[in-house]
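As a plain string of letters, each chain reads:
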Amino acid sequence: MHTFETKDNKTMVVFSGDLDRAIASFIIANGAASMGKKVTMFFTFWGLNILRKPDKVKVQKGFMDKMFGMMMPRGSKKLKLSNMNMMGMGAPMIRKVMKNKNVSSLEELIMAAINSGIEIVACQMSMDVMGFRKEELIDGVKIGGVGYYLSEAEDSNVNLFI
């Protein structure tokens, strides 16, 4: 007699740093967590910008790392839309529409995810490439490698790349 373990966790790679994709990622993650599922969100490359603290953090960096940091949005409130950006007007417009329709803001969705135990993991290799330090990320973020993500994905029946 064989017993089969049900793989019921949810994993997602958040590669994009676009506001609309970030919102979708956190809505899906919070939905799965509210159904009692273990959720792991693995942030890599541009997705790391979602997790940056909005304020400048004093850390020792080389020239290239400083340049990367200056060119990228610092935190969730600085993200642009993937479409309809309209010279920066798209993001404030979508935020206003969401507020008017009583949809949680990205910042509220992030806090709900952290508070509900969703694992928010920043990719160590991407952090190294882009010159980010742990101190520059919001509280509640773990640092992990691709091996950790793959191990979580092994125990999942849903794996998204956003």
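Structural data are supplied above this passage.
All of the points below concern the structure found in this document. (Residues numbered from 1 in each chain as written. Predicted model: local features only at pLDDT ≥ 70, side-chain atom pairs only at ≥ 80, totals over all residues. Heavy atoms only, no water.)

1. With respect to the sheet that holds strand S3 (residues 119-123)
Selection rule: Paired strands, as defined in this entry, are two strands with at least two bridges between them according to DSSP. Put simply, DSSP marks the helices as runs of H or I at least four residues long and the strands as runs of E at least two long, and each gets a number from the N terminus on. A fitted line through C-alpha atoms serves as each axis, taken over the contacting stretch for helices, and the angle formed by two N-to-C directions is quoted from 0 to 180°.
Taken in spatial order, the 5 strands of this open sheet run S4-S3-S2-S1-S5, and their pairing is parallel. Bordering the open sheet on either side are strand S4 (141-144) and strand S5 (156-161), each of which pairs with just one other strand. Between one strand axis and the next, the sheet turns through 25° on average, direction left out of account. Across 4 bridges, S3 lies against S4 in parallel orientation.

2. Examining the pairing of strand S2 (residues 39-43)
The cut-off we apply is this: Burial here depends on accessible area, computed with a 1.4 Å probe over protein chains only, as a share of the maximum for the residue type. Under 20% is buried, over 50% is exposed, and the range in between is partly exposed. For the handedness criterion, the strands are oriented away from the viewer, and a crossover whose path from the first strand over the helix to the second runs clockwise is classed as right-handed.
Most of S2 is tucked away, with 5 of its 5 residues classed as buried. The alternating pattern of S2 places Val39, Met41 and Phe43 on one face and Thr40 and Phe42 on the opposite face, and all of these are buried. In terms of strand pairing, strand S1 (residues 9-14) meets S2 through 5 bridges, oriented parallel. Across the sheet, residue Lys10 finds its bridge partner in S2, namely Val39. Each parallel crossover has a hand, and the one from S1 via helix H1 (residues 19-34) to S2 is right-handed. The pairing of S2 with S3 spans 4 bridges and is parallel. Its bridge partner lying in S3, Phe42 is registered against Val121.

3. Digging into a nonpolar patch on the surface
Cut-off, in case you're wondering: Exposure above 30% relative accessible area and the lack of any salt bridge qualify a residue for a patch; like charges then connect within 9 Å, and the nonpolar side chains Val, Leu, Ile, Met, Phe, Trp and Tyr within 5 Å. Only the protein chains shown count as cover for residues, and the accessible areas themselves come from Shrake-Rupley with a 1.4 Å probe. One speaks of a salt bridge when a side-chain nitrogen belonging to Lys or Arg is within 4 Å of a carboxyl oxygen belonging to Asp or Glu.
Where nonpolar side chains cluster on the molecular surface, the patch consists of Met84, Met86, Met89 and Met93 and spans about 420 Å² of accessible area. Looking at the element boundaries, Met84 is found in the loop between helix H2 (63-71) and helix H3 (90-100). Given the relative accessible area of 58%, Met84 is considered exposed.

4. Quick look at the nonpolar core
What counts, and what does not: In this description, a nonpolar core means a group of buried Ala, Val, Leu, Ile, Met, Phe, Trp, Tyr and Cys residues linked to one another through side-chain atoms lying within 4.5 Å. Residue contacts are defined here by distance: any two heavy atoms, one from each residue, within 4.5 Å place the two residues in contact.
Core analysis: the biggest nonpolar cluster contains 33 residues, and Phe26, Met41, Phe43, Ile50, Leu106, Ile118 and Ile120 have the highest contact counts within it. When contributions to this core are tallied by element, the ones reaching two or more residues are S1, H1, S2, H3, helix H4 (106-115), S3 and helix H5 (124-130). Considering each element in turn, this core owes the most residues, 7 residues, to H1. Once you skip the residues sitting within four places of it in the chain, Phe26 turns out to touch Met41, Phe43, Ile50, Leu106, Leu109, Ile110, Ala113 and Ile120. Residues Phe42, Val121, Cys123 and Tyr149 belong to the second largest nonpolar core, which totals 6 residues.

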